[in-house]
Protein chains: 2
Amino acid sequence: MRPLLLAALLLAAPALAQPAGRIETAVRLRDAALAANPAWPLLVDLTDNVGPRLAGTEAEGRGRGWAKAAMQKLGLTNIREEAFPITVWERGQEQASIIGSNHRLAIAALGGSGATPATGITAPVSCFDNLAALRAAPESEVKGRIIFIDHRMTVTQDGSSYGINGAVRRAGPALAAQKGAAAVMIRSLGTDYHRNPHTGSTSFPAGTAPIPAVALALPDAELVARRCAAGRLEVKLISTPTSRPGQSANVSGEIPGSVANEVVVLGGHLDSWDIGQGVFDDGAGVAITLAAAATIKAETARTGQSPRRTIRVVLWGSEEIGVVGGRAYAEAHRQEQIVLAGESDFGADRIWQVGSRVAEAGVPLFGEIGAVLAPLGIQPDAGNKAGGGADVGPLAALGTGVLSLNQDGTRYFDVHHTPDDTLDKADRAQLDQNVAAWTAAIWLAASDDRPLRTK
Amino acid sequence: MRPLLLAALLLAAPALAQPAGRIETAVRLRDAALAANPAWPLLVDLTDNVGPRLAGTEAEGRGRGWAKAAMQKLGLTNIREEAFPITVWERGQEQASIIGSNHRLAIAALGGSGATPATGITAPVSCFDNLAALRAAPESEVKGRIIFIDHRMTVTQDGSSYGINGAVRRAGPALAAQKGAAAVMIRSLGTDYHRNPHTGSTSFPAGTAPIPAVALALPDAELVARRCAAGRLEVKLISTPTSRPGQSANVSGEIPGSVANEVVVLGGHLDSWDIGQGVFDDGAGVAITLAAAATIKAETARTGQSPRRTIRVVLWGSEEIGVVGGRAYAEAHRQEQIVLAGESDFGADRIWQVGSRVAEAGVPLFGEIGAVLAPLGIQPDAGNKAGGGADVGPLAALGTGVLSLNQDGTRYFDVHHTPDDTLDKADRAQLDQNVAAWTAAIWLAASDDRPLRTK
């Protein structure tokens, strides 16, 4: 109860040193965004006419062209593209089958993984329930084998199961490589039972040569687990990705503020995995934050008044392959007073929670934000320990305050990083609720003067 | 209300010329099957160790070997394999992309369709809402084009939407071929929004050369429809299936009856499509009917008494490619008194309805069956016009009576003919309800002496 009571008190408090009408304007902007905003047509256009946008490829570049044109059309200014180098990893042929049967396995190579010969490899499979079991296994059970890791991920509203299980994908292949494995198959980091494996990045530390590593769709993982339990199992695996040096970039555009050097950042990431269409991850975040900025821009155009702080939409590149764009952005802008930042990168479903990580003096702002967002079905997370999204992490580490608008993740890991990440998964009404929340929260932060940076 | 009242009256009627205890035994067998039956392990074994079983391939043959071994183990006798010739159609490479984008389309070639060159074809797409629109189109809109048909299929409990929309898949490609189309893409005959297209057979009449024909997953069909509506669209299509003469067979096994030449048939079909694992279609029907026969066999072994009529499990081959096994079976057995037949071929979900098509004198039997099945949540279909399943159709045309145990099809067309037809889709409790219903219904029919044949 306390946060809501606090919010009610703040709304009534006459002592707040804020311009009259800030909250009334936030409410009006929230409702305007709910009634009409450009997120849906932006998402359809990005999906249909750009399509999947793998980091460092021509398609991601077309995504940047699309983003700059969209920003211009929506009235943003100071539109910039800031390049950085990356390693471009591209999927090759991929195929897996159980020897002595006609079972083909539905697989997707993990980003950063190594390649088999074009003709593939055939090896016995060693099965492990989780990373700890692989870690504990003697080398003799790993060496020359194809390793299968069958950890189970649970549906969670807040996505916490991804954090818990993520190490299997990120570190499992390297651990197996260090023990001499020929290749790795993991049960997808996902919660759906469709023949759509979940890709995503893995990594190998310096000195460990990448080995082939793929994710199995859940039905296929369970088939392998049953066959493993029943006896010896051999798999033939073909996966022929390539890696090369390349380039990516972040794109940004602004609604300039009336004071110098105070910036509020919102955005999503432009890159996506190649096997879906990049809607839930993260076309939605791109469309939501652009649409929120457009709603505020329309207000400033109508009144002729700038927001106090500059509002900047940043569309990061190459998030999927290790938050490369987010790191490059923080590094390039470390001298700037980015007072608050938030990323929309958890699909297109409703926001259910708002959180912060800001200076103590800025906490009351989140009382105001909570009160304005409550009618959207959003509740405060009172801990002042929010994360803000992957690309915001490097900014937050440098002292930028954090805004988290947490989306319901119940079905996120059915879709994320799979071929199923397509437009039909987005629900227009839920998308609009997101835009309304971002519009009101960003307006309140940008029209405020309380300190938000943590250092 | 009437059918239930009728059933209650029948249960109470002292005038019925039936051996005492028939219904009590049916109730006992029903409950025994609910408590324990071998359907689940049979389905797991068929799925894991045989896998998908395309008509005419080595895998279908392994399915027959599996079936004969299962029948022997379950105590069936007179185990037979009856061969017939078919055309074996096998999938080749398949790939489709929208020109000028990096959109790959999730496709599956339709059984019986023709091939593109190995390098594919590229052509503009003409889009039609349904078969009638294609029929009405001038040749100039079809000739040399890739035709897209975007009919919409609805979820129905009884599967009736498949009948309504089926012509698009079965006859659409031939119609387009006759108008000079280069190839056909249809929106999958399916109800799920996953990147899993629904395959299935199409056919070309004599004199019409097969052209390439593929189904698009629903997300991809909607992308094509949106791009089509927005302007000119070109697609590159590769699909290289092959056709050759080959052979398939039906497998059967019996619980011999005490009277000569009265046979009750139950069964499913052994073949499946290649892209899934043949669980819902129709491993489940195979496992359900084998398990029902095994439950009755255990009863006859315990009492030492045969059923009155012979109970025969028939596992048809090559249903998917045009009910070839069902037709061959009816032709080969046209001299036999198969008094009643029913097929389980609509997935693994609960039976909700029991129907008949039998001689008038046999209708009261279905009152008894209805009463025994009612506690399983099964209601009577009073029309005496049931179909009995695809492979039963040719027998019914020759006068065999029909038993239909209709499964809930609400999610059937999410799975049917797709890569998603995997074991995890089957629910063990629902499978057991099926076995209980088949066990009781077949027992009641086999222990009865009323005429059932319609001619």
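In this convention, every chain numbers its residues from 1, walking through the sequence in written order. Each chain takes a letter, starting from A, and each ligand takes a number, starting from 1, following the order in which they are written. Since the coordinates come from a predicted model, pLDDT governs what is reported: local features require at least 70, and pairs of side-chain atoms require 80 or more to be given and counted, while whole-chain, interface and lining totals use all residues. Side-chain calculation: all heavy atoms of the structure are included, whereas hydrogens and water are not.

The next subject is the UniProt feature "domain: Peptidase M28" (unreviewed entry) in chain A. UniProt positions are given in the numbering used here, feature names are shortened, and annotations may be inferred rather than shown by experiment. On the UniProt side, "domain: Peptidase M28" (unreviewed entry) is annotated at positions that read residues 250–439 of chain A here. Secondary structure counts use DSSP, requiring at least four H or I residues in a row for a helix and at least two E residues in a row for a strand, with both numbered from the N terminus. A helix fraction of 35% and a strand fraction of 22% characterise residues 250–439 of chain A, whose end C-alpha atoms lie 22 Å from each other.

Two copies of the chain are present, and they differ by a rotation about an axis and a shift along that axis. Here the copies were fitted onto each other by least squares, based on C-alpha atoms from residues at pLDDT of at least 70 in both. Here chain A sits on chain B after a turn of 180° about the axis and a move of 0.0 Å along it, with an RMSD of 0.0 Å. The relationship between the two copies is best expressed as a two-fold rotation axis. When each C-alpha of chain A is compared by its distance to the rotation axis, H194 of chain A comes out closest, at 3.8 Å. Residue contacts follow a heavy-atom distance rule, with two residues in contact if any of their heavy atoms lie within 4.5 Å. Of the residues that chain A buries at the interface, 100% are likewise interface residues in chain B, meaning the two copies contact each other through the same surface.

Bringing the interface of chain A and chain B into the picture now. With 31 residues of chain A at the contact, the number on the chain B side is 31 residues. By convention, the term buried area covers the 1.4 Å-probe accessible surface removed from two parts as they join, with the contributions of both added. At the boundary of chain A with chain B, total buried surface from both sides reaches about 2,300 Å², with 42% on carbon and sulfur atoms. Of all residues in chain A, D48, N102 and R195 of chain A bury the most surface against chain B, accounting for 26% of the area lost on that side. Salt bridges, as used here, are contacts in which a Lys or Arg side-chain nitrogen is within 4 Å of a carboxyl oxygen on Asp or Glu. Run the count over chain A and chain B and you get two salt bridges. Under the rule applied, a polar contact is a pair of N or O atoms within 3.5 Å (in protein, one hydrogen donor and one hydrogen acceptor; residues adjacent in sequence only if both atoms are side-chain atoms). Viewed at the interface, chain B and chain A are joined by 21 residue pairs in polar contact (both at pLDDT 80 or more). Counting only elements with at least two residues in the side of chain A that touches chain B, the list comes to α3 (39–50), α4 (58–73) and α7 (218–230) of chain A. The dominant element in the side of chain A that touches chain B, judged by the number of residues it contributes, is α7 of chain A, at six residues. Among the residues making up the side of chain A that touches chain B, the classes are represented as 10 nonpolar, 11 polar and 10 charged. Any residue outside Ala, Val, Leu, Ile, Met, Phe, Trp, Tyr, Cys, Pro, Asp, Glu, Lys and Arg is labelled polar, Gly included; the first ten of those are nonpolar and the last four are charged.

What follows covers the sheet that holds strand β16 (residues 401–407) of chain A. In a beta sheet, neighbouring strands are held together by backbone hydrogen bonds and run either parallel or antiparallel to one another. Residue and element names in this part refer to chain A. A pair of strands is considered paired only if DSSP assigns at least 2 bridges between the two. Strand order in this open sheet of eight strands is β1-β10-β12-β11-β13-β16-β14-β15, and the pairing throughout is mixed. A single partner strand is all that each edge strand has here, and the edge strands are β1 (77–90) and β15 (379–380). Relative to β16, strand β13 (residues 338–343) is paired through two bridges, and the arrangement is parallel. For A341, the partnering residue across the bridge sits in β16 and is V402. Each axis is a line fitted through C-alpha atoms, taken for helices only over the stretch in contact, and angles between the N-to-C directions span 0 to 180 degrees. Packed on one face of the sheet, α4 meets β1, β10 (242–255) and β12 (310–316) and runs near 5° to β10. Sheet strands touched by helix α8 (residues 279–303): β10, β11 (263–269), β12, β13 and β16. Its angle to β11, the strand with the most contacts, is close to 145°.

Time to look at unusual backbone geometry. For the peptide bond that leads from D281 of chain A to D282 of chain A, omega is 5°, which places it in the cis range. Mapped onto the secondary structure, D282 of chain A falls in helix α8. Notably, V323 of chain B is not glycine yet its phi reads approximately 55°, a positive angle. With respect to the helices and strands, the residue V323 of chain B is situated in the loop between β12 (310–316) and α9 (324–332).

Before going further, it helps to examine the domain arrangement of chain A. Residue and element names in this part refer to chain A. Each domain's extent is set by a domain assignment, obtained either automatically or from a database. Under the domain assignment, chain A is made up of domain 1 (2–88 + 245–446) and domain 2 (92–240). The centre of domain 1, based on its C-alpha atoms, is set 34 Å off from the matching centre of domain 2. Both sides together, the interface formed by domain 1 and domain 2 hides about 1,400 Å², and carbon and sulfur atoms give 58% of it. Run the count over domain 1 and domain 2 and you get zero salt bridges. The interface formed by domain 1 and domain 2 contains nine residue pairs in polar contact (both at pLDDT 80 or more). Ranked by residues supplied to the side of domain 1 that touches domain 2, first place goes to helix α12 (residues 412–415) with three residues.

It is worth spelling out the pattern of salt bridges at this point. Taken as a whole, this structure holds 60 salt bridges over all chains when the rule is applied. Across the pair D150 of chain A and R152 of chain A runs a salt bridge whose closest N-O atoms are separated by 3.0 Å. Residue classification places D150 of chain A among the buried residues on the basis of a relative accessible area of 9%. Here E331 of chain B makes a salt bridge to R334 of chain B, at a shortest N to O gap of 2.9 Å. Put simply, R22, E368, D448 and R450 of chain A are held in one network by salt bridges that share partners. Here the term buried applies to any residue with accessible area under 20% of the maximum for its type, exposed to any over 50%, and partly exposed to those in between, with areas from a 1.4 Å probe on protein chains only.

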